[in-house]
Amino acid sequence: MSAPAPTPEEAAAEADALKRAGAVLTIDLAAIVENWRTLSALAAPAECAAVVKADAYGLGIDRVAPALWRAGALTFFVAHLNEGIRLRALLPDAVIYVLNGLMPGTGPAFAAAKLRPVLGSVPEIAEWSEFCRATGKPLPAALHVDTGMERLGLSLDDAVRLSDSRRLLGFEPSLLMSHLACADTPGHPLTGRQLSLFTDIARRFPGIPASLANSAGTLSGRDFRFDLVRPGIFLYGGIAVANVPPLRPVVRLDARILQVREVERGATVGYGAAQRVKRASRIATVSIGYADGLFRAAGSTDAKAGAEAVVAGRRCPLVGRVSMDLATIDVTSLPEPAVERGAMATFLGEGIGVDDLAARAGTIGYEVLTSLGGRYLRRYVGG
Ligand SMILES: *Cc1c(COP(=O)(O)O)cnc(C)c1O
């Protein structure tokens, strides 16, 4: 289902937009779809949903969710009610759960957009029950039971009480779920404990589909998959479990080289004079900064190496701090004609994954993706 070839006018407009762009973010929808299919095949017979919260992990829910729906995904998870409302406009027939649950007085908004709240506390359950009774419609909602995250979710005691009085609910529990705290770390003892608690509690709610696994849980074995899995990060090319390589990379991030300068040995580069060059160097200044999600913490100092970018096929280190709109990279090792004004430096792609960049900034791939800025020219391919 590839898009029709662009008309000459469209091709000219795209070339023009590329020329104007300081940095370009390319998002491969076909890779996301392929990653979903891979997980879906692994999870079967469990259903494979898709987590598209936070604007599909920063990659654009407007393009990502419809691509997944066309590939066969039926159930979607967002975090905020407003994300759900936006997704409903895109996918009129999908099942959509709102992970952050029912905020006071929002029952009508959920019903109007046919969204299902993930109910994780006694007051939420009471309010949804009351709302459904008042409207005379037992609308669906998920029940979230906490098994060790201590963030959202019913306590085990409340869940047991609820299972005894389930007939009294004014709504239809359409999913029973819990969330794993440590599945990204193989062998973590909390994961086994959560699995066993959730297995016990699921037995108390027969007939309600159960769901425990995020991406990491999905990769952790059949026992974790129950009736439905809820992957996010693995769809978007991130690492889900420490020892499992990511699936196909999804994002590519290129930033324009604005100028290349000769810097004398011993000079310092950038704010704070944080890094001194140890040899006569050529420094390329590129049009990307922390306002674009290139974390300031990914910068380089005399004490610590920062992130890298690929220029003309070679890895080049950042030099000095990342500024708001600019970063500086050392291109001394490249033959001079290989680096010219207007060329691109690649910060994601060409072998640099979101988790590689994350590691240089002391964070995780999730934060790299969801911090991608709004200033890029965004190009979608494979859709
Ligand atoms: C974000 C989230 C997921 C998806 O997690 P990944 O680690 O990105 O796969 C699944 N379930 C819940 C409750 C979440 O909050």
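Remember, it's a predicted structure, so these values are computed and weren't measured experimentally.

(A) Seen up close, the site of the ligand. Residues in close proximity to the ligand total 14 residues, the closest being Lys 53, Tyr 57, Ser 215, Ile 233 and Tyr 366. Between the ligand and His 179 there is a distance of 3.5 Å, counted from a nitrogen atom to a side-chain nitrogen or oxygen. The backbone of Ile 233 places a nitrogen or oxygen atom 2.8 Å from an oxygen atom of the ligand. Protein burial of the ligand: of its 390 Å² of free accessible surface, 93% is covered by the chains.

(B) Quick peek at the packing of aromatic side chains. Under the defined criterion, the tally for this structure stands at 6 aromatic pairs. Here the aromatic rings of Phe 77 and Tyr 97 are separated by 5.2 Å at their centres, their planes lie at 20°, and the arrangement is stacked. Separated by 20 residues along the polypeptide, Phe 77 in strand E4 (residues 75–78) and Tyr 97 in strand E5 (residues 95–98) bring together distant segments of the chain. Each residue in the set Tyr 57, Tyr 236 and Tyr 366 is aromatic and connected to the rest through ring pairs, giving one cluster.

(C) Summary view of unusual backbone geometry. The omega angle of the peptide bond from Ala 44 to Pro 45 is 10°, so this bond is cis rather than trans. Here Pro 45 is to be found in the loop between helix H2 (29–43) and strand E2 (47–48). One non-glycine residue with positive phi stands out, namely Lys 114, at about 50°. Position of Lys 114 among the secondary structure elements: in the loop between helix H6 (107–112) and strand E6 (116–119).

(D) Layout of the side chain of Asn 214. Looking at the secondary structure, you find Asn 214 in the loop between strand E9 (210–211) and helix H10 (215–218). Assessed through its relative accessible area of 16%, Asn 214 is described here as buried. Setting aside its immediate chain neighbours within four residues, Asn 214 contacts His 179, Leu 180, Ala 183, Arg 230 and Pro 231.

Definitions and cut-offs
Residues numbered from 1 in each chain as written. Predicted model: local features only at pLDDT ≥ 70, side-chain atom pairs only at ≥ 80, totals over all residues. Heavy atoms only, no water. Near = heavy atom within 4 Å. Polar contact = N/O pair within 3.5 Å; in protein donor to acceptor, adjacent residues only side chain to side chain. Areas by Shrake-Rupley, 256 points an atom, 1.4 Å probe, with all protein chains shown as cover. Phe/Tyr/Trp six-rings, centres within 6.5 Å; stacked < 30°, edge-to-face > 60°. Helix = DSSP H or I, 4+ residues; strand = E, 2+ residues; numbered from the N terminus. Buried < 20%, exposed > 50% of the residue type's maximum accessible area, 1.4 Å probe, protein only. Contact = heavy atoms within 4.5 Å.

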